[in-house]
Amino acid sequence: MSRKHRSPHERKPEPRNIWRLLGAFLVSVALGLGLTPLASADTRGQDTSRWQGDYNVSILEDFGILKVSGSDIGYNYLDPMYKRKAAQVRASGKNLGFYYYNGYADPVGAANFFVDNLVGYRHGDPLAYDAEESRFVSPAKVMAWAQQVRRRLGADANMYAYMNSSTTRAYNWSAVAASGVKLWVANYGRNDGAYHGSPSMAYWDQWHIHQYTSVGRRPGYNGNLDMNVARQGAWGDGATTTTVPVSNPAASTVPRGMYLGYSVVQTQRLLAAHGYQLALDDYYGPGTRAAVSDYQSTHGLHVDGYAGPATQASLSGKATATTRTYTVARGDTLSRIGAKTGVPWTTIASLNGIRAPYVIYTGQTLKLAGSSTVASSNRRYTIRRGDTLSSIARRLGTTTSRLVALNGISNPNRIYTGHTINY
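Residues numbered from 1 in each chain as written. Predicted model: local features only at pLDDT ≥ 70, side-chain atom pairs only at ≥ 80, totals over all residues. Heavy atoms only, no water.

(A) How the structure looks around the overall build of the protein. The helix and strand inventory of the protein stands at 14 helices and 15 strands. In the protein, which comprises 423 residues, the proportion classed as buried is 46%. Look at the contacts in the protein between residues 6 or more apart in sequence, and 63% of them connect residues 24 or more apart. Surface accessibility of the protein: about 21200 Å² in total, with carbon and sulfur atoms responsible for 51%. (Helix = DSSP H or I, 4+ residues; strand = E, 2+ residues; numbered from the N terminus. Buried < 20%, exposed > 50% of the residue type's maximum accessible area, 1.4 Å probe, protein only. Contact = heavy atoms within 4.5 Å. Areas by Shrake-Rupley, 256 points an atom, 1.4 Å probe, with all protein chains shown as cover.)

This is the structure we're talking about:
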């Protein structure tokens, strides 16, 4: 309708409506420019590692979360830029957080290496397990790492698990969330530098840090940066301005007594009842871990070597028929079922002969565990001159870890000609 012929019943916009429309327009422009709408207590910052080089810490907003260490290359290593940048961020007065990049290392040893190398740590600083390498992702590993960090720094250490939204749904993180480990979640939307709203949280009630883009830009830095929003409480309610001295590690880093909330010796007894030759020494060492891994691999469980709730239930015979099968409901997908049951969707697909494009049907009953058992084997092999455990495994069509577990071998590199082993 033209202005010349405006209806006498049509009213001009009221001033407050004009301001409301203008406000909505400005929010839209801010999102388009990659600016994040924040609550009054929220803060913004960046996470960095050696890949960002020797930057000036003035590019950081309210905080910086720095990579301390990792083990994705096969052993624990220290990020070469970490100590310098940690000292600079602390001196700048900005908040500081720390993270470990997951990998091959035993989580307890990785936790000790991480804590041993903390620079300028203060009570309340975020301490994060970066579950980014999918081949190493395991809720039990995150728990083991967090528990060891807490042993070193105190039960109220401000622990985090970093992962993307799909990983929050792909595993059963209920025990991790219930233990007080907070969520630092990566979800980028269109990954265009803008903020696209809150991400999936799955087992957590809320996220405390949200990494919302990997292509953020900051004045003074010629490159892309990870951008994060942190909610109130992300740095802990008890944050201080005093650097906390790090306690010395225990003489032994092998867990003893209670591990992941379960008695180690009882776990060993359960494994022995399933045919594994183990010393009941109350240490969760390589032999126990190898036995757990073998048991998991033959019972349709996620194989990580850590006897968490699902493995304990299976070992003790408490897994009922209802927990070992699942009836597909409307709207289910394999990944959603995996998140509900704690069984990786790839394991469910394999157990039920489901192949790409991974079609399932409402009402279909899926197996969640295999029917194979790990009884003591009656098959024997006598070691010959020149044999290695790996060559024996290849010859017999089994695995090195299974031979280690079945025979209680403490050092896989030391076997003796003439000895007889089970397979």
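(B) Molecular detail of the confidence of the model for the protein. Averaged over every residue, the pLDDT of the protein is 79; residues scoring 70 or more account for 79%. In the model of the protein, helix H10 (residues 321-324) stands out as the element of lowest mean pLDDT, 44, in contrast to strand S5 (residues 127-130), which has the highest, 97. Per-residue pLDDT stays below 50 along residues 1-16; that stretch engages in four contacts with residues further than four places along the chain or on separate chains. Per-residue pLDDT stays below 50 along residues 23-37; that stretch engages in 13 contacts with residues further than four places along the chain or on separate chains. (pLDDT = per-residue confidence, 0-100.)

(C) Broad picture of the pairing of strand S9 (residues 225-230). The buried fraction of S9 amounts to five of the six residues, a majority that puts the element mostly inside the structure. In the sheet, strand S1 (residues 43-48) pairs with S9 via five bridges, with the strands oriented antiparallel. Directly across from Gly45, in S9, lies its bridge partner Asn228. Bridge analysis of strand S8 (residues 209-216) against S9 gives five bridges, and the strand direction is antiparallel. Paired with Gly216 across the two strands is Leu225, which belongs to S9. (Pairing = 2+ DSSP bridges.)

(D) Quick peek at the environment of Asp47. Considering the arrangement of structural elements, one finds Asp47 in strand S1. When sequence neighbours within four positions are dropped, the list of residues in contact with Asp47 reads Gln52, Ile65, Trp184, Gln211, Asp226 and Asn228. A polar side-chain atom of Asp47 sits 2.9 Å from a polar atom in the side chain of Gln211. At 2.8 Å, the side chain of Asp47 forms a polar contact with the side chain of Asn228. (Polar contact = N/O pair within 3.5 Å; in protein donor to acceptor, adjacent residues only side chain to side chain.)

(E) Here's a closer look at the packing of aromatic side chains. Summed over all chains, the structure comprises twelve aromatic pairs. Through successive ring pairs, a cluster of aromatic residues spans Tyr100, Phe114, Tyr129 and Trp145. The ring of Tyr101 has Lys67 sitting right over it, with the charged end atom 4.8 Å from the ring centre. (Phe/Tyr/Trp six-rings, centres within 6.5 Å; stacked < 30°, edge-to-face > 60°. Lys NZ or Arg CZ within 6 Å of the ring centre and 35° of its normal.)

(F) View of helix H7 (residues 264-273). The complete set of buried residues in H7 reads Val264, Val265, Thr267, Gln268, Leu270 and Leu271. The elements touched by buried residues of H7 are strand S10 (258-259), strand S11 (262-263), helix H8 (286-297) and helix H9 (309-315). Capping the start of H7, Ser263 holds a side-chain oxygen 3.2 Å from the backbone nitrogen of Gln266, two or three residues further along. Following H7 by one or two positions, Gly275 has its phi on the positive side, about 100 degrees.

(G) Fine view of unusual backbone geometry. Positive phi, normally seen in glycine, also occurs at Ala202, with a value near 50 degrees. Here Ala202 is to be found in the loop between strand S7 (182-186) and S8. Positive phi is not limited to glycine here, since Asp282 has a value of about 70 degrees. Mapped onto the fold, Asp282 is located in the loop between H7 and H8.

(H) Representation of the environment of Met227. On the secondary structure map, Met227 appears in strand S9. Note on Met227: relative accessible area 7%, which makes it buried. Along the sequence, Met227 and Gly193 sit 34 residues apart, while their C-alpha atoms lie 8.2 Å from each other. In this structure, Met227 is in contact with Gly45, Gln46, Glu61, His210, Gln211, Tyr212, Thr213, Gly216, Arg217 and Arg218, ignoring residues within four places of it in sequence.

(I) Region of the structure containing the side chain of Gln296. Mapped onto the secondary structure, Gln296 falls in helix H8. Taking relative accessible area as the criterion, Gln296 reaches 1% and is therefore assigned buried.

(J) Inspection of the nonpolar core at higher detail. Core analysis: the biggest nonpolar cluster contains 67 residues, and Phe98, Phe114, Leu118, Leu127, Trp145 and Val149 have the highest contact counts within it. At eight residues, the largest contribution of residues to this core is made by helix H4 (residues 139-153). Leu127 has contacts with Phe98, Phe114, Leu118, Tyr121, Trp145, Val149, Leu153, Ala157, Asn158, Met159 and Tyr160, leaving out every residue within four places of it along the chain. With twelve residues, the next largest nonpolar core counts Phe63, Tyr99, Ile209 and Ala230 among its residues. (Core = buried A, V, L, I, M, F, W, Y, C linked by side-chain atoms within 4.5 Å.)

(K) Just the pattern of salt bridges, in detail. Tallied over the full model, the rule gives eight salt bridges. Ionic pairing is found between Asp54 and Arg84, a salt bridge with its closest N-O pair at 2.9 Å. With a gap of 30 residues between them, Asp54 in the loop between S1 and strand S2 (63-70) and Arg84 in helix H2 (residues 82-92) connect regions that are remote in the sequence. Classification of Arg84 as partly exposed rests on a relative accessible area of 46%. In this structure, Glu61 engages Arg218 in a salt bridge whose closest nitrogen and oxygen atoms are separated by 3.8 Å. Here Glu61, found in the loop between S1 and S2, pairs with Arg218, found in the loop between S8 and S9; they are 157 residues apart in sequence, far enough to count as distant. The network of salt bridges with shared partners includes Arg44, Glu61 and Arg218. (Salt bridge = Lys/Arg side-chain N within 4 Å of Asp/Glu carboxyl O.)

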